[in-house]
Amino acid sequence: MVKVDSTMTNTLTLKSPAKVNLFLRVLNKREDGYHNIASLFQALNLCDTLHFTLSDSDSLTCTDPAIPTDSKNLVIKAIDLFRAKTQKNFCVKVHIEKKIPVEAGLGGGSSNAATTLWALNELCTTNLTTEELLSMAAEIGSDVPFFLSQGTAFCSGRGELLQSMQPLPFNVKGWIVKPPYGMPTPAVYQNLDLSQLLNIDPAAILHEITTKNTLHFFNDLETSAFKLNPELSSLKESLVEQGAEGVIMCGSGSSFFSISLQSPQIRENHKVFDVEFLNRSSNQWY
Ligand code: C5P
């Protein structure tokens, strides 16, 4: 057991941000079934809030009853992995205030897992390095390491290899639209037709973004997601027809991001979230 004395902090409340892929190139399929990607990830100020308390038993609760609170939840995977790797014998209660929509391509579950690794490292005073946390994060899921960056990173491999970047040289505000249905990531990758993808060089795009301050939005997963659910395609069309700028699907869907300031007209059951880019300083959480 981690002994909790009166001088030791045993509670922590942390924000857990969503992400958007400003561009996402799928390069090829690997022998392990994953795809190599090249993607510019950006954290957003659309955040869940996670409350952690060291305690004498584990528990996970969430404001959204649709979220599993068993071992399917990446927070549980993060706790189990942290315990196994550090050999620390602690118990923790976690409560999630859910704001990030699920199956939306916004990385909510991955973000919650990364936030849990950061919190446990603080609460258990294990002093693990960022590299050690990143290696645990990659075991939990492809998108988890990004959330240990400072908010902007170029990610490759299956998404887990980070090249951390300075905050982008523009202060971007925009919105996310989430339709009432979600998209399952494995199906979107499986349904990809790699022969149909444009051969855009991600390094050139990244260079333009950082040197010329121009954002390029594209997502190689859109065509596959649109084939699986044509409603997504008509949603994008209607957003573009309304004059929305830079509309891209987030990750494997089902939400869309746009840098437009004017909120879109949307159908019943769709949700709109106003968002801004979010970055943090090196030794502080979001
Ligand atoms: O890593 P994660 O568990 O989040 O991935 C979920 C699924 O998405 C994988 O099992 C795989 O089918 C697909 N995937 C992929 N290539 C990636 C990331 C995810 O094919 N780069």
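Whatever comes next refers back to the structure up there.
Computed from a predicted structure; not experimentally measured.

Reading the values: the criteria
Residues numbered from 1 in each chain as written. Predicted model: local features only at pLDDT ≥ 70, side-chain atom pairs only at ≥ 80, totals over all residues. Heavy atoms only, no water. Pairing = 2+ DSSP bridges. Helix = DSSP H or I, 4+ residues; strand = E, 2+ residues; numbered from the N terminus. Near = heavy atom within 4 Å. Polar contact = N/O pair within 3.5 Å; in protein donor to acceptor, adjacent residues only side chain to side chain. Areas by Shrake-Rupley, 256 points an atom, 1.4 Å probe, with all protein chains shown as cover. Nonpolar A, V, L, I, M, F, W, Y, C, P; charged D, E, K, R; others polar. Buried < 20%, exposed > 50% of the residue type's maximum accessible area, 1.4 Å probe, protein only. Axes fitted to C-alpha atoms, helices over the stretch in contact; angles between N-to-C directions. Left-handed = near helix turned anticlockwise from the far one by under 90°. Contact = heavy atoms within 4.5 Å. Phe/Tyr/Trp six-rings, centres within 6.5 Å; stacked < 30°, edge-to-face > 60°.

### As for the sheet that holds strand S11 (residues 271-276)
Strand pairing in a sheet relies on backbone hydrogen bonds, with the paired strands running either antiparallel or parallel.
Now for step 1: Pairing is antiparallel across the open sheet formed by four strands, whose spatial order is S9-S10-S7-S11. Here the strands that pair on one side only, and so sit at the sheet edges, are strand S9 (248-249) and S11.
Now for step 2: In the sheet, strand S7 (residues 173-178) pairs with strand S10 (residues 256-258) via three bridges, with the strands oriented antiparallel. If you follow Val 177 over to S10, its bridge partner there is Phe 256.

### Looking at the site of the ligand
Now for step 1: Every residue near the ligand is listed here: Gly 33, Tyr 34, His 35, Ile 37, Gly 141, Ser 142, Arg 158, Thr 185, Pro 186 and Tyr 189.
Now for step 2: Within the contact set of the ligand, a nitrogen atom lies 2.9 Å away from a backbone nitrogen or oxygen of Arg 158.
Now for step 3: Its free accessible area being 460 Å², the ligand has 74% of it covered by the protein chains.
Now for step 4: Among the elements that take part in the shell around the ligand, helix H4 (residues 185-190) stands out by supplying three residues, more than any other.
Now for step 5: In the shell around the ligand, the residues fall into four nonpolar, five polar and one charged.

### A closer look at unusual backbone geometry
For residues besides glycine, phi is generally negative; the peptide bonds are generally trans as well.
Now for step 1: In the segment running from Gly 253 into Ser 254, the intervening peptide bond is cis, with an omega of 15°.
Now for step 2: Among the structural elements, Ser 254 can be located in the loop between S9 and S10.
Now for step 3: For Gln 87, which is not a glycine, the phi torsion comes out positive at approximately 60°.
Now for step 4: Inspection of the secondary structure assignment puts Gln 87 in the loop between helix H1 (74-86) and strand S4 (91-97).
Now for step 5: Classification of Gln 87 by relative accessible area gives exposed; the value is 67%.
Now for step 6: The backbone of Asn 213 shows a phi angle near 55°, a positive value even though the residue is not glycine.
Now for step 7: Mapped onto the elements of the fold, Asn 213 is located in the loop between helix H5 (202-212) and strand S8 (218-219).

### Here's the deal with the packing of H1 against helix H2 (residues 108-123)
Now for step 1: For the pair H1 and H2, interaxial distance at closest approach is 8 Å and the crossing angle is 35°. Considering how the two elements wind past one another, H1 and H2 form a crossing that is right-handed. Judged by residue contacts, Leu 74, Val 75, Ala 78, Ile 79 and Phe 82 of H1 engage Gly 109, Ser 110, Asn 112, Ala 113, Thr 116, Leu 117, Leu 120 and Asn 121 from H2.
Now for step 2: Class assignment for the residues of the contact of H1 with H2 results in eight nonpolar, five polar and no charged.

### Examining the side chain of Ser 260
Now for step 1: Tracing the backbone through its elements, the reader meets Ser 260 in the loop between S10 and S11.
Now for step 2: Residue Ser 260 is classed as buried on the basis of its relative accessible area of 6%.
Now for step 3: Polar side-chain contacts of Ser 260 include one of 2.6 Å to the backbone nitrogen of Glu 245.
Now for step 4: Apart from residues lying up to four places away in sequence, Ser 260 is in contact with Lys 173, Gly 174, Trp 175, Gly 243, Ala 244 and Glu 245.

### Focus on the environment of Cys 62
Now for step 1: You can see Cys 62 is positioned in strand S3 (residues 59-62).
Now for step 2: What makes Cys 62 buried here is its relative accessible area of 17%.
Now for step 3: With sequence-adjacent residues up to four places away left out, Cys 62 is seen in contact with Ile 67, Thr 69, His 95, Ile 96 and Lys 98.

### Observations concerning the environment of Thr 115
Now for step 1: Structurally, the position occupied by Thr 115 is in helix H2.
Now for step 2: Overall, Thr 115 belongs to the buried group, its relative accessible area being 0%.
Now for step 3: C-alpha separation for the pair Thr 115 and Pro 65, spaced 50 residues apart in sequence, amounts to 20 Å.

### A word on the packing of aromatic side chains
Now for step 1: Applying the stated criterion across every chain yields a total of 10 aromatic pairs.
Now for step 2: Counting every residue linked through ring pairs, the aromatic cluster contains Phe 23, Phe 154 and Phe 218.

### Here's the deal with the pairing of strand S2 (residues 35-55)
Now for step 1: Within S2, 16 of the 21 residues are buried, leaving the element largely enclosed by the surrounding structure.
Now for step 2: With 17 bridges connecting them, strand S1 (residues 11-29) and S2 associate as antiparallel partners. Looking at S2, one finds that Leu 14 is bridged to Leu 50.
Now for step 3: Counted between consecutive antiparallel strands, the loop separating S1 from S2 contains five residues, among which Gly 33 sits at a positive phi close to 95°.
Now for step 4: Across four bridges, the pairing between S2 and strand S5 (residues 152-156) is antiparallel. Each bridged residue has a counterpart across the sheet, and for Phe 41 the counterpart in S5 is Ala 153.
Now for step 5: Examined bridge by bridge, S2 and S4 share seven bridges and lie antiparallel to one another. When the sheet's bridge partners are listed, Leu 54 is paired in S4 with Val 92.

Distances and angles like these do not, on their own, reveal function.
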